[in-house]
Amino acid sequence: MSNEITRNNLIDKISELLKTARNSVISTVNQTIVFTYYEIGRMIVEEEQNGKEKADYGKQLISDISKKLTNDFGRGFSSTNIKQMRSFYLIYSKGQTLSDEFKLSWSHYLKLMRIEDANERKFYEIESYKNNWSLRELQRQYDSALYTRLALSRDKDKILELSTKGQILEQPKDAVKDPYVLEFLGLEEKAEYSESELEQKLIDKLGHFLLELGTGFTFVARQKRITFEEKHFRIDLVFYNRILKCFVLIDLKIGELKHQDIGQMQMYVNYYDREMRLQDENKTIGIILCQDKNEAIVRYTLPENNEQIFASQYLTVLPSKEDLKQLLESNE
């Protein structure tokens, strides 16, 4: 048996080594391709600026380059693609946070270039690299207006920090979004469902939910039972945030949030702080996810110096940025 375990460990290590090597090769190829396209863009722009920057000249230059490269190297060098390389240089020659190293794929940069706001573009570039987002996940985070959700709840200095460092978790409220966008559950906006059904949907799509929660979250338990003098209570979902070094408790509520729901979460948080938290861990965070909430009820139920319990709405469809702004303004 011990020989079999040793052999299996060896096979696992070899497999992991090959995966690492393969990922390294892919990363190197991606960086080389992106840098090459950047250089092509630079050469085109510099040629245009040699006293010949006219619309007709530039159009003909791109057409000639496209024909030559297509003839020599095959597909991938249409006039449209060459124009994208030119645009890539013009955008990323202006000093971007990670652009000097080009750690993302060309497909990522094609998406990023379509984001007009430079600060928003930098934010998604940083987050894509930090969290190893696929192109699909980048598109999803953009469609769910992650930057807007974070930026509208921050002052000017914190917004600038988003565009230079990405999302930084320094205190509990940094880990909380309002609203959370759960469109990946496939629930209709007006659908009727129970709290247990919503919980099951989140568990079924746990990977997506962790991405929506953000950086550093790991799943711990569902329907975690706690007992006081033979009375049993169950916390819907328990997570741990490795960056903040604390438990994060989530309770799901269908319909409007009530003050009793906040009091219940306060009890859960107190229990975890007193019975579950280790000495080197930070205080527990409680998040109540609800369909609707009254800000006055939240404000007057919680103490003025509250830094542990938060109430956030959840959306089951992707909002437009205009709808999201209205929602955030109504929550202020």
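Structure: see above.
What this report covers is the structure whose coordinates are included nearby.

Rules and cut-offs
Residues numbered from 1 in each chain as written. Predicted model: local features only at pLDDT ≥ 70, side-chain atom pairs only at ≥ 80, totals over all residues. Heavy atoms only, no water. Patch = residues over 30% accessible without salt bridge, like charges linked within 9 Å, V, L, I, M, F, W, Y side chains within 5 Å. Areas by Shrake-Rupley, 256 points an atom, 1.4 Å probe, with all protein chains shown as cover. Salt bridge = Lys/Arg side-chain N within 4 Å of Asp/Glu carboxyl O. Helix = DSSP H or I, 4+ residues; strand = E, 2+ residues; numbered from the N terminus. Buried < 20%, exposed > 50% of the residue type's maximum accessible area, 1.4 Å probe, protein only. Pairing = 2+ DSSP bridges. Right-handed = clockwise from strand over helix to strand, strands pointing away. Axes fitted to C-alpha atoms, helices over the stretch in contact; angles between N-to-C directions. Parallel < 35°, antiparallel > 145°, perpendicular 65-115°, else oblique. Left-handed = near helix turned anticlockwise from the far one by under 90°. Contact = heavy atoms within 4.5 Å. Nonpolar A, V, L, I, M, F, W, Y, C, P; charged D, E, K, R; others polar. Phe/Tyr/Trp six-rings, centres within 6.5 Å; stacked < 30°, edge-to-face > 60°. Core = buried A, V, L, I, M, F, W, Y, C linked by side-chain atoms within 4.5 Å.

With respect to a nonpolar patch on the surface
In step 1: A cluster of nonpolar side chains, contributed by Leu10, Ile14 and Leu18, occupies part of the molecular surface with about 300 Å² of accessible area.
In step 2: Mapped onto the elements of the fold, Leu10 is located in helix α1 (residues 2-48).

Thoughts on the environment of Thr284
In step 1: Along the polypeptide, Thr284 turns up in the loop between α11 (259-276) and β5 (285-292).
In step 2: A relative accessible area of 0% places Thr284 in the buried class.
In step 3: Residues Thr284 and Arg7, spaced 277 residues apart in sequence, show a C-alpha to C-alpha distance of 42 Å.

Section: the pairing of strand β6 (residues 309-315)
In step 1: Of all the seven residues making up β6, seven are buried; the element is thus mostly covered by neighbouring parts of the structure.
In step 2: Of the two faces of β6, the one carrying Ile309, Ala311, Gln313 and Leu315 and the one carrying Phe310, Ser312 and Tyr314 are both buried.
In step 3: Two elements, strand β1 (residues 180-181) and β6, share two bridges in a ladder whose sense is parallel. Across the sheet, the residue bridging to Val181 is Leu315, located in β6.
In step 4: Note that β5 and β6 share five bridges and pair parallel. Residue pairing across strands places Ile288 opposite Ala311, the latter belonging to β6.
In step 5: Assessed by its sense of winding, the connection that carries the chain from β5 through helix α12 (residues 295-301) to β6 is right-handed.

Points about unusual backbone geometry
In step 1: Each neighbour pair has its own omega, and for Asp178 with Pro179 the value is 10°, a cis peptide bond.
In step 2: Its location among the elements puts Pro179 in the loop between α8 (156-165) and β1.
In step 3: Positive phi is not limited to glycine here, since Ala145 has a value of about 60°.
In step 4: Note on placement: Ala145 falls in the loop between α6 (135-143) and α7 (146-151).

A few points about the pattern of salt bridges
In step 1: Inspection of the entire model under this criterion finds 14 salt bridges.
In step 2: Among the salt bridges present, the one from Asp251 reaches Lys253, with a minimum N-O distance of 3.8 Å.
In step 3: The exposure class of Asp251 is buried, given its relative accessible area of 2%.
In step 4: Under the relative-accessibility criterion, Lys253 is labelled buried at 11%.

Some remarks on the packing of helix α4 (residues 106-113) against α6
In step 1: As a packed pair, α4 and α6 sit with axes 9 Å apart at the nearest point and diverge in direction by 20°. By the angle between their axes, α4 is roughly parallel relative to α6. The two elements α4 and α6 cross, and the hand of that crossing is right-handed. When α4 is examined against α6, the residues Ser107, His108, Lys111 and Leu112 are found in contact with a partner set consisting of Leu135, Leu138, Gln139 and Tyr142.
In step 2: Tallied by class, the residues present in the contact of α4 with α6 amount to four nonpolar, three polar and one charged.

Let's talk about the packing of aromatic side chains
In step 1: Scanning all chains against the criterion turns up 22 aromatic pairs.
In step 2: Residues Phe209 and Phe239 carry aromatic rings whose centres are separated by 5.8 Å and whose planes lie at 70° to one another, so their mutual orientation is edge-to-face. Of this pair, Phe209 sits in helix α10 (residues 206-213) while Phe239 is found in strand β3 (residues 231-241), placing the two residues 30 residues apart along the sequence.
In step 3: Judged by relative accessible area, which is 0%, Phe209 ranks as buried.
In step 4: Between Tyr240 and Phe247, the aromatic rings sit 5.2 Å apart at their centres with planes inclined by 80°, giving edge-to-face as the arrangement.

Remarks on the nonpolar core
In step 1: Grouped together as the largest cluster of nonpolar side chains are 34 residues, with contacts concentrated most on Phe88, Tyr92, Trp106, Tyr109, Leu112 and Tyr124.
In step 2: Of all the secondary-structure elements, those providing two or more residues to this core are α1, α2 (55-73), α3 (79-92), α4, α5 (118-130), α6 and α7.
In step 3: Core analysis: the second largest hydrophobic core is formed by 27 residues, Tyr180, Leu182, Leu237 and Val248 among them.

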